[in-house]
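Architecture and fold: a report
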Amino acid sequence: MPRCASLLFLVLLFLTSPPLVAEKPLLPVHFDPAEGTVLLEIPAMGRSLIYTTSLAIGLGATSPLLDRADTGQSALVVFERHGPRVLLIQENPAFQARSGSDALIRSVRESFPRSVLASLPIQKERDGALIVDATEFFLSDVHGIGAQLQRAGQGNPSLDHERSYVLADRVDAFPHNTEIRVALTFAVEQPGTAISRHAPDGRSITFEQQHSFTALPDDDYRPRDFHPHAGVFPHVIFDFNQPHDRDYQRRWIWRWRLVPSDPEAYLAGDLVEPVEPIVFYLDPAIPEPYRSAFRDGGMWWAEAFEAAGFSNAFQIRDLPADADPMDIRYSMLMWVHRSERGPSVGPHYRDPRTGEIISALVRMDSFRSLVNHDLWMGFVPAAGPEGLALDSEEMAMARRRQHAAHEIGHSLGLAHNFLAATRDRASVMDYPVPLVTLTTDGHVDLSAAYATGIGEADKLAIRYAYTWYPDAQAESEGLAAILIELKARDLEFITGGHAMISGSYPDATQWVEGANMFKALERTSAVRRVLVDRFDERALAAGEPYVTLHRRFAHAWLHHRTALYGVAKHIGG
């Protein structure tokens, strides 16, 4: 084709093709830097959205636990116009009538209150949309920072509006979500120790609060029934359209939506990729070797999803260079710092109506590996002539691989499994203590300190939560079969308070390794005797002060303590 004919063809193609229309933002947002105001453009009244808050800057303490990436509640909200104002109203989906007459559904709505979160003055109307001033609402303490500080005995904080402001470069709107970040400054009378230690001036402390509005998932999701043996967290609502012999309280499970791209191949037993995989992103701040450890441990879950019939269903990626880790579209593994040892956490955001998980913010504590190093240093004097089987970094990263898998498991909907240690390490959702044994010549052996890979109980839990079924009957039959298999394989599940020192089930005890508590106590007592007898200054690195020995000797002296708790529960539990 001659060049001029090619150009003519392209022009004609352009003129006859439908124009590309960019998707409109969910809630367009306009920031006026001169006035410091945030205007929200609300295209339609009465549309339900999911509203969440999180912290982009935290306190760096363990009490209260106000971390970077701390998550708030998942609220179902709606905008309603009343006169010259628009009200932001939080709905009450915990109480529903999921079917029945309009009158029944209305009676449930009228039996329980809603909450008005904000009153937003209307600035103008444009093209059928209302533009409201939301500045005062966004600069309020929605996350409850002040209340948490006060409950923790950290003084009397009050929000100072004159020293609070909107972060202009963190205000944006997308087709699926709208994000607004603000800085909140609190004036604190009689600041407590945690504030005084962590703020430059305890009388003035500034956090950053992220507001996220997210579109609701579509109605194709089918909630899945909860069972206490399955190892998955419950999502509890009241459904008041039930017969007289059924409890109004209904329990479903927390889970992501996972649908096979080829249902026929899936049902035929082939591994099938999902329509949308579950993707987590690594915080760019995570350094090596932690970064590789988190990626490797997190990807253990791919095996569990294969057991549920899916390939490439779970992925861990590097965060795109231009992405904000606080944007709710990105499920994150965040690198969180505190001035002392504290927990890592695996929370998520979900649809309040159904329990469908829509995003996650896993917080990985940077301090934890120092504990592993102290343990390792305490083992050094009891090592054989060739040293320990693992060096300090290898042991720490073995723990962090398991640690990442554990916290991601929570964000997938899985609960703690405190029976796993007595079932041959059947779950990463247990609390793992390093498995230390003695060699035949009486030296410490760390070769099996931490388990590698996903556990058999984890695979069953993922199968229960994520196996796809074409209809409700197939789902009911399939889930029942999984529960029968769980029982037959002796992979029972116990969580929560039963595993505490005062709990009622001895073999469900935290931080224990062994087939039962008596065997665990026998092994740990023997190891403890060797650790204590041989403990000396070899537990110090060159240049470390001798006072550090106190911290490391405590681990050696108390090496048997958790197994002892379990044995005590056999007697008095």
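Bear in mind that the values here come from a model prediction, so they are computed numbers and not experimental data. Per chain, residue numbering runs from 1 following the sequence as it is written. Side-chain atom pairs in this predicted model are given and counted only at pLDDT of 80 or more, local residue features only at pLDDT of at least 70, and totals for whole chains, interfaces and linings cover all residues. Side-chain metrics rest on all non-hydrogen atoms present in the structure, leaving aside hydrogens and water.

It is worth spelling out the overall build of the protein at this point. Scanning the protein from terminus to terminus reveals 15 helices and 21 strands. Relative to the 2.2 N^0.38 estimate, which gives 25 Å for 573 residues, the radius of gyration of the protein is 27 Å and therefore close to what a compact globule would have. A simple rule labels every residue: compare its accessible area, found with a 1.4 Å probe on the protein chains alone, to the largest value its type can have, and call it buried under 20%, exposed over 50%, or partly exposed in between. Every one of the 573 residues in the protein was classed for burial, and the buried ones make up 51%. Long-range contacts, defined as pairs at least 24 residues apart, comprise 72% of the intrachain contacts of the protein with a sequence gap of at least 6. In this description, accessible areas are obtained by the Shrake-Rupley approach with a 1.4 Å probe, and a residue is regarded as covered only by the protein chains that are shown. Taken as a whole, the protein presents about 26800 Å² of accessible surface, with 53% of it coming from carbon and sulfur. When charges are counted, Lys and Arg are positive and Asp and Glu negative, with His and the chain ends excluded. In plain terms, the charge of a residue is placed at NZ if it is Lys, CZ if Arg, CG if Asp and CD if Glu. One finds the centroid of the 54 positive side-chain charges in the protein at a distance of 3 Å from the centroid of its 73 negative side-chain charges. Helix and strand definitions follow DSSP, with helices as H or I runs of at least four residues and strands as E runs of at least two, each counted in order from the N terminus. The quantity called the radius of gyration is restricted to C-alpha atoms. Its globule counterpart is 2.2 Å times the number of residues to the power 0.38. Whether two residues are in contact is decided by their heavy atoms: any pair within 4.5 Å suffices.

The next thing to look at is the sheet that holds strand β18 (residues 348–350). Reading across from one edge, β16-β15-β17-β19-β18 is the order of the five strands in this open sheet, with mixed pairing throughout. Every other strand in the sheet has two partners, leaving β16 (314–318) and β18 as the edge strands with one partner each. Recorded for the sheet is a direction-independent mean angle of 20° between the axes of neighbouring strands. Pairing between two strands requires that DSSP report at least two bridges joining them. Bridge count between β18 and strand β19 (residues 357–365): three bridges; the pairing is antiparallel. Bridge assignment links His348 to a residue of β19, and that residue is Ala360. Comment: axis = line fitted to C-alpha atoms, over the contacting stretch for helices; angle = value between 0 and 180 degrees taken between N-to-C directions. Docked against the sheet, helix α7 (residues 290–298) engages β15 (278–282), β16, β17 (331–336) and β19, running at close to 165° with respect to β16.

Moving on: the confidence of the model for the protein. Considering every residue of the protein, the mean pLDDT works out to 93; 96% of them sit at 70 or more. Within the model, pLDDT remains below 50 along residues 1–18, and this stretch shows one contact once partners closer than five positions in the same chain are excluded. Think of pLDDT as the predictor's per-residue confidence, scored from 0 to 100.

Another aspect to go through is the nonpolar core. Nonpolar core, defined: a set of buried Ala, Val, Leu, Ile, Met, Phe, Trp, Tyr and Cys residues in which side-chain atoms within 4.5 Å join the residues together. Counting residues in each nonpolar core, the largest one holds 57 residues, and the members touching the most others are Phe280, Trp301, Phe305 and Leu412. With seven residues, the top contributor of residues to this core is helix α11 (residues 456–466). Sequence-distant contacts of Phe280, defined by excluding residues within four places in its chain, comprise Trp256, Phe314, Gln315, Ile316, Arg317, Ser331, Met332, Leu333, Ala360, Val362, Ser411 and Leu412. Of all hydrophobic cores here, the second largest spans 43 residues; its members include Val29, Tyr51, Val132 and Leu184.

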